Amino acid sequence: MKTKFWLTGTMMMALCGVGCSDAPEAKEVSDTTATRTADMIRAASASARVMGEMSSFESLGSAASIFQDAFAKVPIMGSPATCEDPEGCDSPLTPSNPIPTDPAATEAQIALMEKLLRERIFTEANVEETDGDSTIFRISGDDVCSIDGAAPDADCVRAVDQLEVRIRATRTDKDGMDLGFQLGSKRDEPVVLSLGKDTSAVIVDLGESKDVVQLLAPEAAAELPRVMVGKVELRLTKNGEQDITFSTGILNAIQIELDEDGATHSFSTAKATPLSELRMNAASKRVSFDLNLGTTEYKGPYGGTSALSSQQVVYSLSGLSFEFSAEEGQDDFVIAHVGLGQAQSYMSLNGKKVFTADLNAVSGRHFDLNLARGADGLPLVRVLPEFDLVAGAFMAPLKADPSAEVPSFYEDQTYRVRLSGSSAPSFRPVDANTATGFPGGLQVVSGELTLNGKDATVTVPAGKCLVGRDTVAEGGHPLLGHFEARDCQ
């Protein structure tokens, strides 16, 4: 009997797990959605407001201006840049107040959003059905196409109704809620909004998005990529009081292929979780940003009207990464882990590489860059462990395209720019001196700078300057002959 009793109980629990509904009620969905969304907006607004007032942003902007102005006066790549504005030219690199915010405006927007969610979207009247542990809300144009009681726009209502919008609300672990936005009669779900206690995310499925377009606009199907897959995420996380992180991610590798004029164009980028992170900690007045792009490629025809037009070209970036942070009171900055991936980046034509790039291939493929001011107030740049860029230019095949205008020194050359030879090799810009005739240049403060090409080398030891010159000596290298090392005076 006991065996039969436990067997019956187990079967009932199993059947209930399959068929019993534990779908959230409309009020629970509206309360959770409105409250979580409002909390995140307030946290983001408060953090952004404090971070925008940080003096270190002004220091960074000032440092960027000094670097920009100083290097603009160094004519190693041609004529020095000039500012023609009589009131001066500010650096566009860093705004002094990057995220202006208005608390009153923020609260007004939150109130409007909460009213919409509670009274127009997640209502009992909009519940279409329950499906297992999910509640399905059917959203009409009348629900979203009017503001502040005004009559809804007829075109908006028609467009929304045509989309057949539904929202699937499902509880998740840790008191969270997933909102799946379903479109069309097949209920494809291209977008999911995931609301957790301390994090919110928007997840977009490219494959589902393609299905929706094909269903709702069949006439546009021919214009869609033949292959369109991948999944991306935008996320906001509350780490603590006035401490938030905005992040992006490629959850599933992106692959897009489009057939056009008898040729295939394809784009791909690898999974990257996260792809980027921007953290704003107003409590400690610290901001940081990280980027970590994986291998990214484009393949397609060369294009144009030359003999190369139908040949396949490949642009392959092995990756791109760096890390940056700034704190209140900071006046020197480090851009860390700068790199171009773990392999060679290149451009190829019909399988033959015509350009290659390797960054720090023998020293970890990354370096740190320190921007500071020297004792004399001038900008000083340090690299650790070194900067070592090897670029191959084998562009002779591109001469079949008259518009390419390939110079002779890019037909078959490998160039190397290396700053090394010290625990932290460094350099700084030096202004021109009309009294001595010094044209301005880059002074190697520590370590050694070398420029290498075929049968040509320019070496700049510590204390000397790299300068540019207009003409090349007879027999000199057509590119490196424009550079020389000399005293900085």
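What this report covers is the structure whose coordinates are included nearby. As the structure is a prediction and not an experimental result, all values here were calculated from the model. (Residues numbered from 1 in each chain as written. Predicted model: local features only at pLDDT ≥ 70, side-chain atom pairs only at ≥ 80, totals over all residues. Heavy atoms only, no water.)

### Re the overall build of the protein chain
Okay, so step 1: A count of helical and extended segments in the protein chain gives seven helices and 27 strands.
Okay, so step 2: Contacts spanning at least 24 positions in sequence make up 56% of the contacts within the protein chain whose residues lie at least 6 apart. (Helix = DSSP H or I, 4+ residues; strand = E, 2+ residues; numbered from the N terminus. Contact = heavy atoms within 4.5 Å.)

### A short note on the pattern of salt bridges
Okay, so step 1: Taken as a whole and assessed by the stated rule, the structure comprises 26 salt bridges.
Okay, so step 2: Residue Arg42 pairs with Glu107 through a salt bridge whose shortest N-O separation is 2.9 Å. Placement of Arg42 in helix α2 (residues 26-52) and of Glu107 in helix α4 (residues 103-121) is noted, with a sequence separation of 65 residues between them.
Okay, so step 3: Take Arg42: its relative accessible area is 32%, and that puts it in the partly exposed class.
Okay, so step 4: Between Lys464 and Asp487 there is a salt bridge whose closest N-O contact spans 2.2 Å. With a gap of 23 residues between them, Lys464 in the loop between β25 (456-461) and β26 (465-468) and Asp487 in the segment after β27 (483-486) connect regions that are remote in the sequence.
Okay, so step 5: One salt-bridge network, held together by shared partners, links Glu128, Glu129, Glu164, Arg166 and Arg187. (Salt bridge = Lys/Arg side-chain N within 4 Å of Asp/Glu carboxyl O. Buried < 20%, exposed > 50% of the residue type's maximum accessible area, 1.4 Å probe, protein only.)

### Side note on the side chain of His366
Okay, so step 1: Its location among the elements puts His366 in strand β18 (residues 366-373).
Okay, so step 2: In this structure the side chain of His366 is engaged in a polar contact, spanning 3.3 Å, whose partner is the side chain of Ser321.
Okay, so step 3: Non-local contacts of His366, meaning those with residues more than four positions away in its chain, are made with Ser321, His337, Val338, Gly339, Gln342, Asn360 and Pro385. (Polar contact = N/O pair within 3.5 Å; in protein donor to acceptor, adjacent residues only side chain to side chain.)

### Regarding the side chain of Thr450
Okay, so step 1: Turning to its location among the elements, Thr450 is positioned in strand β24 (residues 448-453).
Okay, so step 2: Thr450 sits in the buried class, given a relative accessible area of 15%.
Okay, so step 3: Apart from the residues within four sequence positions on either side, Thr450 is in contact with Arg416, Val417, Arg418, Val458 and Thr459.

### Focus: the state of the cysteines
Okay, so step 1: Tallying each qualifying case throughout the model produces two disulfides.
Okay, so step 2: With a sulfur-sulfur separation of 2.0 Å, Cys145 is cross-linked through a disulfide to Cys156. Linking Cys145 and Cys156, the disulfide has an S-S dihedral of approximately -75° and is accordingly described as left-handed. Here Cys145, found in the loop between α5 (141-144) and α6 (154-163), pairs with Cys156, found in helix α6; they are 11 residues apart in sequence, far enough to count as distant.
Okay, so step 3: With relative accessibility at 11%, the residue Cys145 sits in the buried group.
Okay, so step 4: The disulfide partner of Cys465 is Cys488, and the gap between their sulfur atoms is 2.0 Å. On the S-S bond that ties Cys465 to Cys488, the torsion sits near 115°, and the link is right-handed. With Cys465 in strand β26 and Cys488 in the segment after β27, the pair connects residues that are 23 residues apart, well separated along the chain.
Okay, so step 5: A relative accessible area of 0% places Cys465 in the buried class. (Disulfide = S-S within 2.5 Å.)

### A look at the nonpolar core
Okay, so step 1: Grouped together as the largest cluster of nonpolar side chains are 23 residues, with contacts concentrated most on Val29, Phe122, Phe137, Ile139, Ile167, Ala169 and Leu179.
Okay, so step 2: Those elements that place two or more of their residues in this core are α2, α4, β2 (134-139), α6, β3 (165-172), β4 (176-183) and β5 (188-195).
Okay, so step 3: Not counting the four nearest positions on each side in its chain, Ala169 is found in contact with Pro24, Val29, Asp133, Ser134, Thr135, Phe137, Met177, Asp178 and Leu179. (Core = buried A, V, L, I, M, F, W, Y, C linked by side-chain atoms within 4.5 Å.)

### Observations regarding the pairing of strand β20 (residues 387-393)
Okay, so step 1: Examined bridge by bridge, strand β17 (residues 352-359) and β20 share five bridges and lie antiparallel to one another. Considered in β20, the bridge of Asp358 is made with Val390.
Okay, so step 2: The sheet contact formed by β20 and strand β21 (residues 413-420) spans seven bridges and is antiparallel. Bridging from a neighbouring strand, Gly392 pairs with Thr414 of β21. (Pairing = 2+ DSSP bridges.)

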